[in-house]
Amino acid sequence: MKREEMLQRLDDGTVWDMVVIGGGATGLGTAVEAASRGYRTLLLEQSDFAKGTSSRSTKLIHGGVRYLRQGNLSLVLESLHERGLLIRNAPHLVHKMSFVVPVYDWWEGPFYGVGLKLYDVLAGRLGLGPSQLLSREDTLRHIPTVETKGLRGGVIYHDAQFDDARLAICLALTFADLGGVPLNYLQVTGMYKEGGLTAGVVARDLESGHDFKVKGRVIINAAGPFVDSVRRMADPGAREIITHSQGVHLVLDGSFLPGDSAIMVPHTDDGRVLFAVPWQGRTVVGTTDTPVPAASLEPRALPEEIDFLLTHASRYLSRHPSPSDLLSVFAATRPLVHTHGGVDTASLSRDHTLIVDDTGLVTIAGGKWTTYRKMGEDTVTMAARVAGFHDRPSVTDGLRIHGWREGMGQEYPLQAYGSDARQLETMQDENPSWREPLHPSFPYRAGEVIWAVRREWARTVEDVLARRTRALLLDARASMTAAPQVAELMAAELGRDRVWQETQVSAYLDLAKGYLP
Ligand SMILES: Cc1cc2nc3c(=O)[nH]c(=O)nc-3n(C[C@H](O)[C@H](O)[C@H](O)COP(=O)(O)OP(=O)(O)OC[C@H]3O[C@@H](n4cnc5c(N)ncnc54)[C@H](O)[C@@H]3O)c2cc1C
């Protein structure tokens, strides 16, 4: 459905069964869950889908070796189960990846080896292969560029990797396929109540400035790091439940970590887990955990976070990266739930928290990308109870994500589109220039910009370069060069003028500068 048609649905007097605020992993997962159970559902995102934390993750679908160390076995079990479902339901976006823990001290091999055997056991029949101790030679075969000084061997285990923003877009498409209405650039600015209970929201179309009053039987707050500000719209006295920290990733050329295996460092100087992961022809190194005073849609890396990551990467890579090697640096806000607050609180997993306020507003916070489906399931079950709906069972554990297609091969440049790739190819016949590459640094073609506008609700140059394609993360500088062409292609599709193009390019250049060290 086109955006204009969806906007009309906001004015036609519909009372939605569920209105979801926030178009990140949590909101999209909840919306898919609600629509697949047959609820009439609207999703409102103030910016673009996955504009927040959900496009800036480490790109891992994992059980969480970190939680294993903390002894949180139930969470590891839940995550490993969800990992298995995702590989099955979104094979075009999620694939298996091997991780190697390099061993430099005699005790590390047996120590991590035993821990990772437990990980194998917990994965059960959804396991992706047994973990194993590696000799020095085998470690080098998997990670040819690992630091060799003092290297004794390694431990290999298996998890999965994905494209976070593409999964978000595919979830928005799945939601629409199920009859749901996903709207980006619709900001919830207020809430209204009937008899003390939330009965709807005021949503502003940030493109036209028009305000819509939207009615819903239950309102779900999935605003990620911003859930407190949304709760205060319903109840100005609501106590804060979130503290914020940020995590930073560095993007380096793929030659720093050639091959298909990632490095996992179980213990950094500040006691965290660190990853160096091959991703889309580049190497992604992350992450940090730095307390920040407030949530931001565009957090920026601090110089000390970049130093920390470069220092640690240099310990494990034979070629030591320096600031001039950075292709992009991206940061994400981590919402940490510190109290349950409210009444009728349900903490259904130790990783995500559901709160129902006195006003009937349902808030879902915390969790991770890997468990987005389970979070959605728990949230919709609770929301249905709040709205007084009859129980309807969840069907998402077997629901194929939009574009589902197996066996495409990661080398295929349109793999992320899955079963849509064929249509995209055909669409490019309309204009031979759409087959031209956007920029020599990227695998993207001009036709993908047109597709993003026509089929994936891209509205700005940033939507295309940051989330429909991943150009901004893969090489921020090169993406700036591609911006004028993207603006021109979009303007022709959207019927925009030169001024729009110039404003878009200048906004994009400002944004992309923030991804350069
Ligand atoms: C550094 C880092 C690395 C991570 N790596 C991984 C990983 O590898 N694997 C994994 O499984 N998990 C990972 N996670 C966790 C995962 O990324 C998050 O749990 C998930 O993305 C959170 O999604 P969300 O939808 O809750 O929040 P967000 O993605 O932030 O979405 C919230 C959305 O709400 C919107 N919103 C806010 N206010 C309003 C309003 N008033 N009206 C309308 N919309 C509004 C925002 O614009 C935003 O788009 C990582 C997290 C961090 C911080």
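Preceding this section is the structure that the text describes.
Reference entry: report on the structure contained in this document. Within each chain, residues carry numbers counting from 1 in the order of the written sequence. For this predicted model, a pLDDT threshold of at least 70 governs which residues receive local features, and a threshold of 80 or more governs which side-chain atom pairs are given and counted, while totals over whole chains, interfaces and linings are taken from all residues. With hydrogens and water set aside, each side-chain value is computed from the structure's full complement of heavy atoms.

Each residue's exposure class comes from its accessible area (1.4 Å probe, protein chains only) as a fraction of the maximum for that residue type: buried when under 20%, exposed when over 50%, partly exposed otherwise. Every helix listed is a DSSP run of H or I at least four residues long, and every strand listed is a run of E at least two residues long, numbered separately from the N terminus. Within helix 12 (residues 446–455), eight of the ten residues are buried, which leaves it mostly tucked inside the rest of the structure. Residues of helix 12 that are buried include every one of Ala 446, Gly 447, Glu 448, Val 449, Ile 450, Trp 451, Ala 452 and Val 453, and no others. On its buried side, helix 12 packs onto helix 11 (421–427), helix 13 (461–468) and helix 15 (476–494). Among the residues trailing helix 12, Trp 457 stands out with phi positive, at a value near 60 degrees. Note on contacts: a residue pair is in contact if any heavy atoms of the two residues lie within 4.5 Å.

Turning to the site of the ligand, a few remarks are in order. Among the 37 residues in the neighbourhood of the ligand, the closest are listed as Thr 26, Glu 45, Ser 54, Leu 60 and Thr 370. The definition of a polar contact used here is a pair of N or O atoms within 3.5 Å, where within protein one atom must be able to donate a hydrogen and the other to accept one, and adjacent residues in sequence count solely through side-chain atom pairs. One of the backbone nitrogen or oxygen atoms of Trp 369 is found 3.1 Å away from an oxygen atom of the ligand. Each accessible area is a Shrake-Rupley result for a 1.4 Å probe, and residues are judged covered by the shown protein chains and nothing else. A total of 1000 Å² of accessible area belongs to the ligand in isolation, and the protein chains cover 95% of it. Only helix 2 (25–36), strand 8 (186–194), strand 11 (242–253) and strand 16 (328–337) provide two or more residues apiece to the shell around the ligand. We define proximity as follows: a residue is near a molecule or strand when any one of its heavy atoms falls within 4 Å of that partner.

With that settled, consider the packing of helix 2 against helix 7 (residues 164–177). Think of each axis as a best-fit line through the C-alpha atoms, taken over the contacting stretch in the case of a helix, with angles from 0 to 180 degrees between the N-to-C directions. Helix 7 packs onto helix 2 with a crossing angle of 25 degrees between their chain directions and a minimal axis gap of 9 Å. Between helix 2 and helix 7, the interaxial angle falls into the category roughly parallel. Taken as a pair, helix 2 and helix 7 cross one another with a handedness that is left-handed. For the pair helix 2 and helix 7, contact is made by Leu 28, Ala 31, Val 32 and Ala 35 and by Ala 168, Leu 171, Ala 172, Thr 174 and Phe 175, respectively. Any angle from 65 to 115 degrees is called roughly perpendicular, while one under 35 is roughly parallel, one over 145 is roughly antiparallel, and all others are oblique. Crossing handedness follows the turn of the near helix against the far one: under a right angle anticlockwise gives a left-handed crossing, and clockwise gives a right-handed one.

Glancing now at the pattern of salt bridges. Criterion for a salt bridge: a side-chain nitrogen of Lys or Arg within 4 Å of a carboxyl oxygen of Asp or Glu. Within the structure shown, the criterion is met by 37 salt bridges. Asp 164 is paired through a salt bridge with Arg 470; the nearest N and O atoms lie 2.8 Å apart. Of this pair, Asp 164 sits in helix 7 while Arg 470 is found in the loop between helix 13 and helix 14 (471–474), placing the two residues 306 residues apart along the sequence. Asp 269 serves as the salt-bridge partner of Arg 315, at 2.8 Å between the closest nitrogen and oxygen. Within this pair, whereas Arg 315 is found in helix 9 (residues 303–316), its partner Asp 269 is found in the loop between strand 12 (262–265) and strand 13 (274–279), the two being separated by 46 residues in sequence. Given the relative accessible area of 58%, Asp 269 is considered exposed.

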